[in-house]
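# Geometric and topological summary
As a plain string of letters, each chain reads:
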Amino acid sequence: MKILVINGPNLNMLGIREPDIYGRETYATLLEKIGTHCKAKGLDVEFFQSNHEGSLVDKIQEAYGRIDGIVINPGAYTHTSVALLDALKAVSIPAVEVHISEVDKREEFRQISYVRAACFAVITGHGTDGYLEAVDLLAERCGKK
Ligand code: DQA
C-alpha cells in the first residue's frame, strides 16, 4: 500500500512558525517521524510540500492510479480552495484531512474547510501525531493494518 502525505503552504516552516501553535518540531523531523511509522507498518510513503495551490492540484492528479491513500494538510488552502476539493474528488483516492492545531477552536475563517467534503476523516489538534493517526486510518480503511 502506498500513501502520499501532502502538506500545503508554510508547513515547511514548522519549528520556526508560531511555535506556540504548531510546536517546535521541524518539517524534516515530521517526515522522519511519519517515515518511521510507515516503515514499521510495512507501508510505502511519499511526501510532497508546496506553497502553490496549482502544484498541490498537480500532485493530487499525479496520484491517480498510483497512490492508495492521501494524508493532506492543505494549510491555509483548507479554508479557501475549491480547486483542491475538486482534485481530491476527481481522483477519488481515500483521503484524511489533518491539522496540527485545533482549527475548529481558532478564528472563524479557520472553521471552514472546503477539502473536508472529499475526506473520509478529519484529525485536528493532535499536533504532528495527527499525521500518524491519519496513516493508521488509511491502513485500516484499505485493509492493511
Ligand atoms: C493548519 C491550520 C491552518 O489554518 C493554517 O493555515 C496552517 C496550518 C494546521 O495544521 O493546524 O497553515 O492547517
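Residues numbered from 1 in each chain as written. Predicted model: local features only at pLDDT ≥ 70, side-chain atom pairs only at ≥ 80, totals over all residues. Heavy atoms only, no water.

Taken together, P9, R17, Y22, N73, G75, A76, H79, H99, I100, S101, V103 and R110 make up the full set of residues adjacent to the ligand. In the environment of the ligand, an oxygen atom lies 2.8 Å from a nitrogen or oxygen atom belonging to the side chain of N73. A distance of 2.7 Å separates an oxygen atom of the ligand from a polar side-chain atom of H79. Across the complex, the protein chains shield 98% of the 320 Å² of accessible surface that the ligand would expose by itself. Of the residues that constitute the shell around the ligand, the class distribution is five nonpolar, five polar and two charged. (Near = heavy atom within 4 Å. Polar contact = N/O pair within 3.5 Å; in protein donor to acceptor, adjacent residues only side chain to side chain. Areas by Shrake-Rupley, 256 points an atom, 1.4 Å probe, with all protein chains shown as cover. Nonpolar A, V, L, I, M, F, W, Y, C, P; charged D, E, K, R; others polar.)

Time to look at the pattern of salt bridges. A complete count under the given rule lists 12 salt bridges for this structure. Residues K33 and E25 are paired through a salt bridge, measuring 3.6 Å at the closest nitrogen-oxygen approach. A relative accessible area of 23% places K33 in the partly exposed class. Residues joined by salt bridges that share partners form a network here, namely K2, E46, K59, E62 and R66. (Salt bridge = Lys/Arg side-chain N within 4 Å of Asp/Glu carboxyl O. Buried < 20%, exposed > 50% of the residue type's maximum accessible area, 1.4 Å probe, protein only.)

Core analysis: the largest hydrophobic core is formed by 24 residues, its most contacted members being I3, I34, V71 and Y131. Counting residues per element, the ones that place at least two in this core are β1 (2-7), α2 (27-40), β4 (95-99), β5 (121-124) and α5 (129-141). Counting residues per element, this core draws most heavily on α5, which supplies six residues. Leave out the neighbours within four places in its chain, and Y131 touches V5, N7, L11, L30, I34, V71, N73, V98 and I100. Of all hydrophobic cores here, the second largest spans 20 residues; its members include L4, A87, I93 and C119. (Core = buried A, V, L, I, M, F, W, Y, C linked by side-chain atoms within 4.5 Å. Helix = DSSP H or I, 4+ residues; strand = E, 2+ residues; numbered from the N terminus. Contact = heavy atoms within 4.5 Å.)

Another point: the sheet that holds β5. In spatial order, the strands read β2-β1-β3-β4-β5; together these five strands make up an open sheet with parallel pairing. The open sheet terminates on both sides in strands that have one partner only, identified here as β2 (44-49) and β5. Across the sheet, the mean angle from the axis of one strand to that of its neighbour is 20°, orientation sign disregarded. As paired strands, β1 and strand β3 (residues 69-73) are joined by five bridges and run parallel to one another. By the bridge assignment, V5 is partnered in β3 with V71. Across the sheet, α2 touches β1 and β2, and the angle it forms with β2 is around 160°. (Pairing = 2+ DSSP bridges. Axes fitted to C-alpha atoms, helices over the stretch in contact; angles between N-to-C directions.)

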